[in-house]
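# Tertiary structure, described
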Amino acid sequence: MPKLHTGDYELMLDLVVAVLESEDPDDVWQLVARNLHRAFPCTTVISVALRPGEGAGNTEGWAPEDIGGMLDDVVERRIREQYPLIPYVAARERAPVIVGDLCDNWRQSLWYDEARRLCGTTQQLGLPLPAGDGTLRAIVMGRDGDFGAHGIAFATRVQPLLLAADRHVRELCRLREAAAVAVAAGARKAAPDDHGLTPRERTVLGLLAEGLTSEAMGRRLAISPHTVNRHLEKVYRKLGAHSRVTAVSLARTAGLVV
């Protein structure tokens, strides 16, 4: 596999920082698409969530911005047409792949014609993101010209970061949904004092209430245990707590965690 350059690792670091600084899970895949669009560079980047059994799917992120209007029905149409990447991802294949290598006569296909006509794309690189929630996720990057061995190598190295981003998004969504359920059940009879906690500190506090260690929280959020501990120090200070047990007890009393 070709060696990556210093600039490649800088681009990967930029991607990690962008994801971790985002407090809105609905925006993460848009951030990822923009960063990948710059990193490769590509003509197009599209992040998709697929549910082939239902004949359904949706686009979670894309770049450049101006292609968004044409994506409304493309994903479901691709599912009906059995776009070559879909069986590949459904088979739990993990390796980044040139989509044309999965299809005989790629350059004579309707998919090739449409991508070239609408976006100027002549080659597509698929990056599977296998997850455990029953949804098939993948990123499809298009370029006018070959990605080459270096492009495949970069995609292979960046794939674990994107899997971590997916876990990060799902954890943020889970915590948001748990909070909504608690409110609906009347667990919070009055708006709690948030003690000045940031959204990231609230997330760490929620994981603390679940009994996770700093190492486990770091793995869940794709950050280092040292960063977790820095967040915890701020949580303790804002709550006026001196231990994990006290912090969780005060947080429950204040309605910050269930």
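Residues numbered from 1 in each chain as written. Predicted model: local features only at pLDDT ≥ 70, side-chain atom pairs only at ≥ 80, totals over all residues. Heavy atoms only, no water.

## Here we look at the nonpolar core
Of all hydrophobic cores here, the largest spans 31 residues; its most connected members are V32, L36, F40, I139, M141 and L162. When residues of this core are assigned to their parent elements, the largest contribution, nine residues, is made by helix α6 (residues 148–184). Excluding anything up to four places from it in sequence, L36 contacts C42, V45, I139, M141, V158 and L162. V204, V228, V248 and A251 belong to the second largest nonpolar core, which has 22 residues in total. (Core = buried A, V, L, I, M, F, W, Y, C linked by side-chain atoms within 4.5 Å. Buried < 20%, exposed > 50% of the residue type's maximum accessible area, 1.4 Å probe, protein only. Helix = DSSP H or I, 4+ residues; strand = E, 2+ residues; numbered from the N terminus. Contact = heavy atoms within 4.5 Å.)

## Overview of the pattern of salt bridges
For the structure shown, the criterion picks out 13 salt bridges. Close ionic contact of E65 with R34 constitutes a salt bridge, the shortest N to O distance being 3.5 Å. Of this pair, E65 sits in the loop between β2 (56–63) and α3 (74–81) while R34 sits in helix α2 (residues 28–39), and the two are 31 residues apart along the sequence. The salt bridge involving E114 is made with R77; its shortest N-O contact spans 3.2 Å. In this pair, E114 sits in helix α5 (residues 110–119) while R77 sits in helix α3, placing the two residues 37 residues apart along the sequence. Bridged by salt links that share partners, the residues E60, R137, D166 and R170 form one connected network. (Salt bridge = Lys/Arg side-chain N within 4 Å of Asp/Glu carboxyl O.)

## Things to note about α5
Every α-helical turn comprises 3.6 residues, leaving residues that sit three or four positions apart pointing alike. Three or more residues of α5 are buried, namely W111, Y112, E114 and A115. Summarising the axial view, the buried residues of α5 lie within an arc of 165 degrees, below the 170-degree limit, and thus occupy one face. For α5, exposure combined with an orientation more than 90 degrees from the buried face picks out L110, R116 and R117. The inward-facing, buried residues of α5 contact α3 and β4 (123–129). In the stretch just after α5, G120 is the one whose phi turns positive, near 75 degrees. (Arc of directions from axis to C-beta.)

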